[in-house]
Amino acid sequence: MSPENRLPKIAVILGGKNGMLGRALTTAFAAAGVRAVPASHADVDYLDADALDDFLEAQQPGDDEDTADLCLVNTVAYTQVDQAEDQPEEAYKLNAALPAQLGVVAAERGHKLVHFSTDFVFDGAKGAPYVPTDATNPLSVYGASKLAGEEALLSLDVPGLLILRTAWLFGPGRMNFPARMIELAGTRAELNVVDDQHGSPTSTTDLAALTVALAENGASGLLHATNAGEATWHELAAETIRLAELPCRVNPIPTSGFPTKAKRPPCSVLDIARTVQLAGYTPRPWREALAEYVAGLRNESGGR
Ligand SMILES: NC(=O)c1ccc[n+]([C@@H]2O[C@H](COP(=O)([O-])OP(=O)(O)OC[C@H]3O[C@@H](n4cnc5c(N)ncnc54)[C@H](OP(=O)(O)O)[C@@H]3O)[C@@H](O)[C@H]2O)c1
């Protein structure tokens, strides 16, 4: 007997029109037969509860359907990690106040809610992959604001709430670390990249498919969601340049050689064992996903 399919009929994806992950989710939900409704701030002021209520009302399932058939998927976030140090109010507004408000709206309206958080809620002191129940201790405003968003949501009674912590995203739609490395390698013979920060590179396409699988299986709670494997920024950059076949040397440097405004954890690799159980499959290694992404970029640029 096949398990019950718990996919919603409608997925309203905040950030789905312009966001990197939001676009991938819009494609993935639609491919799974869900009516995906991507939204941008031009469609609805996310922070205005009444406007959001009206917007959701307009997407409401038909009379014969339940409000639980609609899932609100939030990818909106203040994601500029260094800039957040100077704009904590903006970061907290989008990363903490907004999810809290979405939680209230979802609970009141009876909608499911999927929200995304980050590996930067951890300080990296563990030195091994983090499980979702590990103690948090963010080192940056971005990490602290995302943690505040998680905590606000978890304190509310939102039935079926799913929070997915992810990391080091790359994918079509906007600038990201591998795309930036390719851009820089086009004009430089050498790149110096940090080799003492470890994380979980993740394809937005694969994360979107994983999110759909988790929704299909009715997963809820706080989970970690990334591709398989881990890397340093240097390993990710070197593999990107190798796949792109660019004549650029990628040199490893310590974090001290590349000072940034926001402090980053030395090791924020996420353990996805529980997610693998709930999804029913293991996401492919990040190198495979990266190869597909880089091949797509090369096709777009005419094979250069
Ligand atoms: N990118 C990563 O490497 C990474 C790593 C770990 C976790 N995450 C989490 O994954 C989720 C999706 O990330 P993403 O990289 O796909 O997000 P993104 O593309 O940077 O942004 C998603 C949406 O947030 C809104 N937004 C972003 N910055 C804004 C600002 N300064 N002011 C107002 N609105 C802003 C925009 O909405 P509109 O569409 O309305 O313009 C944008 O489309 C987020 O929760 C993020 O915290 C990301």
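Residues numbered from 1 in each chain as written. Predicted model: local features only at pLDDT ≥ 70, side-chain atom pairs only at ≥ 80, totals over all residues. Heavy atoms only, no water.

Q: What is the right way to read the overall build of the protein from this model?
A: Across its full length, the protein carries nine helices and 12 strands. The C-alpha atoms of the protein give a radius of gyration of 19 Å, which matches the 19 Å a tight globule of 304 residues would have. Across its three principal directions, the C-alpha atoms of the protein cover 60 × 40 × 40 Å. Buried positions account for 50% of the 304 residues belonging to the protein. Within the protein, contacts between residues at least 6 apart in sequence are counted, and of these 80% link residues at least 24 apart. Within the structure as shown, the protein displays about 13500 Å² of accessible surface, and the carbon and sulfur contribution to it stands at 51%. The protein carries 24 positive and 39 negative side-chain charges, and their two centres are separated by 7 Å. (Helix = DSSP H or I, 4+ residues; strand = E, 2+ residues; numbered from the N terminus. Rg over C-alpha atoms; globule rule 2.2 N^0.38 Å. Buried < 20%, exposed > 50% of the residue type's maximum accessible area, 1.4 Å probe, protein only. Contact = heavy atoms within 4.5 Å. Areas by Shrake-Rupley, 256 points an atom, 1.4 Å probe, with all protein chains shown as cover. Lys, Arg positive; Asp, Glu negative; His and termini not counted. Charge placed at Lys NZ, Arg CZ, Asp CG, Glu CD.)

Q: Would you take a moment to explain a negative patch on the surface for this structure?
A: A cluster of like negative charges, contributed by Asp45, Asp48, Asp50 and Asp54, occupies part of the molecular surface. Positionally, Asp50 belongs in helix H2 (residues 49–59). (Patch = residues over 30% accessible without salt bridge, like charges linked within 9 Å, V, L, I, M, F, W, Y side chains within 5 Å. Salt bridge = Lys/Arg side-chain N within 4 Å of Asp/Glu carboxyl O.)

Q: Help me out: how do you make sense of helix H5 (residues 177–185) in this one?
A: Residues spaced three or four apart along an α-helix point in a common direction, a consequence of the helix completing one turn every 3.6 residues. Within the span of H5, buried status applies to Pro178, Ala179, Met181, Leu184 and Ala185. Looking at the packing, one finds that the buried side of H5 touches strand E6 (169–170), strand E7 (190–194), helix H7 (233–244) and helix H9 (286–300). Of the residues flanking the start of H5, the one acting as N-cap is Asn176, its side-chain oxygen 3.1 Å from the backbone nitrogen of Ala179. (Polar contact = N/O pair within 3.5 Å; in protein donor to acceptor, adjacent residues only side chain to side chain.)

Q: Hey, could you run me through the site of the ligand in this one?
A: In the vicinity of the ligand there are 25 residues, among which His41, Tyr46, Thr79, Lys146 and Arg174 approach most closely. A distance of 2.8 Å is found between an oxygen atom of the ligand and a backbone nitrogen or oxygen belonging to Leu21. Within the contact set of the ligand, an oxygen atom lies 2.7 Å away from a side-chain nitrogen or oxygen of Lys146. Against a free-state accessible area of 880 Å², the protein chains account for coverage of 82% of the ligand. At the level of elements, helix H1 (20–31), strand E4 (112–118) and helix H4 (141–155) are the ones that each hand at least two residues to the shell around the ligand. (Near = heavy atom within 4 Å.)

Q: It is not clear to me how helix H3 (residues 88–109) should be interpreted in this structure. Could you clarify?
A: Taking 1.5 Å per residue, 22 residues should reach 32 Å; H3 reaches 30 Å between its end C-alpha atoms and fits that length. Bending of H3 peaks at approximately 30° at the position of Ala97, with proline Pro99 no more than four residues after it. For H3, every residue scored as buried is listed here: Ala91, Leu94, Asn95, Ala96, Leu98, Pro99, Gln101, Leu102, Gly103, Val105, Ala106 and Arg109. Tucked into the core, H3 has its buried residues touching strand E1 (10–14), H2, strand E3 (70–74), E4 and H4. Backbone geometry just after H3 places Gly110 at a positive phi near 80°. (Expected span 1.5 Å × (residues − 1). Bend = angle between axes of the 7 residues up to and from the residue.)

Spatial relationships are all this shows, so hold off on functional conclusions.
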